[in-house]
Amino acid sequence: MKISCEMDSMATSIRDDLRWLRKTVDASAFPKAEIHLTEWSSSPSPRDHSHDSLPAATFVRSNVESTGLVDSLAYWVFTDVFEESAAGDSIFHGGFGLINFQGIVKPAFHAYRFLNRLGDEEIGRAPGIIATRDTASRLIRVLAYHYPSELREAPPLTASLEEAEKILGIGQAKNLHLEIQELIPGAGILVEILDASHGFCLPVWQEMGFPEPPTREQTQVLREAAWGLQRVDLKADAFGALQLDRNLKPWTVMMLTEVSPS
């Protein structure tokens, strides 16, 4: 496999902190002590609107770079049904969850869904991209993202949807060039893309006029928009090779999945 891209940066703050922690534990009197981070997120606030937006997804994906430094890195938390700070005053209030109270998935949910699909064997890595293989099926899984170089830290804490929306304007598009070889000739590849226009329902909610709460019909529209990632079907050529060139806008996450032959 050959991977090349212009995406030369990522959010490095978590990786750098975990490297320090790993080094410190290794040099301590208990070098075999396990490290479990069980309340991990981009911020400690349950009213951070960045949690509801695209940067949360790319931040989650960027921490694949921390692989092997800790025994677990558990996201805080699964849903916005969270009792410590009471219910939010909006269906999207910046809660910790991957899913809101109405069952609408957020971009960070898709980041974890993609991570779950990766294979157990790493076969290639470059800044902003990781390629894996499932050892049982031998199928390829590739995950790419664009966390702009202008922001090296976690997405900043935002107190409103307007502040969170400004973060989406940070950075420039980058080119991704990917070559996969030794595939089955004609093998199918499913490409799924999460970006500002696909799989992100806040713009749809805005077009509705921010209903609080939405009707049953509006909720269904928002759920469908949240699952509406861009999907493209590709095929390897007669020699089992696939080339992909894509211009990735900032905060985009892209998953390539080799489809099992029928």
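In what follows, the structure referred to is the one given above.
Residues numbered from 1 in each chain as written. Predicted model: local features only at pLDDT ≥ 70, side-chain atom pairs only at ≥ 80, totals over all residues. Heavy atoms only, no water.

S.K.: I'd like a description of the overall build of the chain, backed by residues and values.
M.R.: Helix and strand content of the chain: 6 helices and 11 strands. Each principal axis of the C-alpha atoms in the chain carries an extent, and together these give about 55 × 55 × 35 Å. Residues counted as buried form 51% of the 262 residues belonging to the chain. The long-range share in the chain, meaning contacts at least 24 apart out of those at least 6 apart in sequence, stands at 74%. In the structure as shown, the chain presents an accessible area of about 12900 Å², 53% of it carried by carbon and sulfur atoms. For the chain, the centre of its 24 positive side-chain charges and the centre of its 36 negative side-chain charges are spaced 4 Å apart. (Helix = DSSP H or I, 4+ residues; strand = E, 2+ residues; numbered from the N terminus. Buried < 20%, exposed > 50% of the residue type's maximum accessible area, 1.4 Å probe, protein only. Contact = heavy atoms within 4.5 Å. Areas by Shrake-Rupley, 256 points an atom, 1.4 Å probe, with all protein chains shown as cover. Lys, Arg positive; Asp, Glu negative; His and termini not counted. Charge placed at Lys NZ, Arg CZ, Asp CG, Glu CD.)

S.K.: Explain the packing of aromatic side chains to me, using residue names and the numbers behind them.
M.R.: Summed over all chains, the structure comprises 9 aromatic pairs. A ring pair is formed by Trp 40 and Tyr 75, whose centres lie 5.9 Å apart and whose planes are at 75°; its orientation type is edge-to-face. Here Trp 40, found in strand β2 (residues 36-40), pairs with Tyr 75, found in strand β3 (residues 72-75); they are 35 residues apart in sequence, far enough to count as distant. Exposure class is identical for Trp 40 and Tyr 75. Each is buried. Seen from their ring centres, Trp 205 and Phe 210 are 5.0 Å apart, and the 90° between their planes marks the pair as edge-to-face. Using a relative accessible area of 34% as the deciding quantity, one classes Phe 210 as partly exposed. (Phe/Tyr/Trp six-rings, centres within 6.5 Å; stacked < 30°, edge-to-face > 60°.)

S.K.: Break down the side chain of Arg 113 for me, citing the residues and quoting the values.
M.R.: Relative to the helices and strands, Arg 113 is located in helix α3 (residues 107-117). The contacts of Arg 113, once residues within four sequence positions are left out, are Glu 192, Trp 227, Leu 229 and Arg 231.

S.K.: How would you summarise the environment of His 51 if you had to cite specific residues and measurements?
M.R.: Locating His 51 in the fold gives a position in the loop between β2 and α2 (54-62). Residue His 51 is classed as buried on the basis of its relative accessible area of 0%. Linking His 51 and Leu 98, residues 47 residues apart in sequence, is a C-alpha distance of 8.1 Å. Setting aside residues no more than four positions away along its own chain, His 51 makes contact with Ser 41, Ser 42, Ser 43, Ser 45, Ala 56, Tyr 75, Gly 94, Gly 95, Phe 96 and Lys 106. There is a polar contact of 3.0 Å between the side chain of His 51 and the backbone oxygen of Gly 94. (Polar contact = N/O pair within 3.5 Å; in protein donor to acceptor, adjacent residues only side chain to side chain.)

S.K.: Run through helix α6 (residues 216-226), naming residues and quoting values.
M.R.: When α6 is considered as a whole, its buried residues turn out to be Thr 219, Leu 222, Ala 225 and Ala 226. Considered in projection along α6, the buried side chains sweep an arc of 125° and stay on one side of the axis. The outward face of α6, more than 90 degrees from its buried face, is lined by the exposed residues Arg 216 and Glu 217. Against the buried residues of α6 lie α3 and α5 (202-207). (Arc of directions from axis to C-beta.)

S.K.: Mind laying out the pairing of strand β7 (residues 174-180), listing which residues take part and the relevant values?
M.R.: The buried count for β7 comes to 5 of 7 residues, which makes it a mostly enclosed element. Sheet analysis places β7 next to strand β10 (residues 242-248), joined by 7 bridges and oriented antiparallel. Its bridge partner being in β10, Glu 179 is matched across the sheet by Gln 243. (Pairing = 2+ DSSP bridges.)

S.K.: Describe in detail the pattern of salt bridges, supporting the description with residues and values.
M.R.: Should their charged atoms come close, side chains of opposite charge can pair. Summed over the entire model, instances satisfying the criterion amount to 10 salt bridges. Here Arg 22 and Asp 26 are joined by a salt bridge, their closest N and O atoms 3.2 Å apart. Of this pair, Arg 22 and Asp 26 both sit in helix α1 (residues 13-26), 4 residues apart, which is roughly one turn of that helix. Taking the relative accessible area as the measure of exposure, Asp 26 reaches 42% and is therefore partly exposed. One salt bridge in this structure joins Glu 121 and Arg 133, with 3.8 Å as the shortest N-O distance. With Glu 121 in strand β4 (residues 121-126) and Arg 133 in strand β5 (residues 129-133), the pair connects residues that are 12 residues apart, well separated along the chain. Of the residues examined, Arg 133 reaches a relative accessible area of 18% and is grouped as buried. Within this structure, Arg 113, Arg 117, Glu 192 and Arg 231 form a network of salt bridges that share partners. (Salt bridge = Lys/Arg side-chain N within 4 Å of Asp/Glu carboxyl O.)

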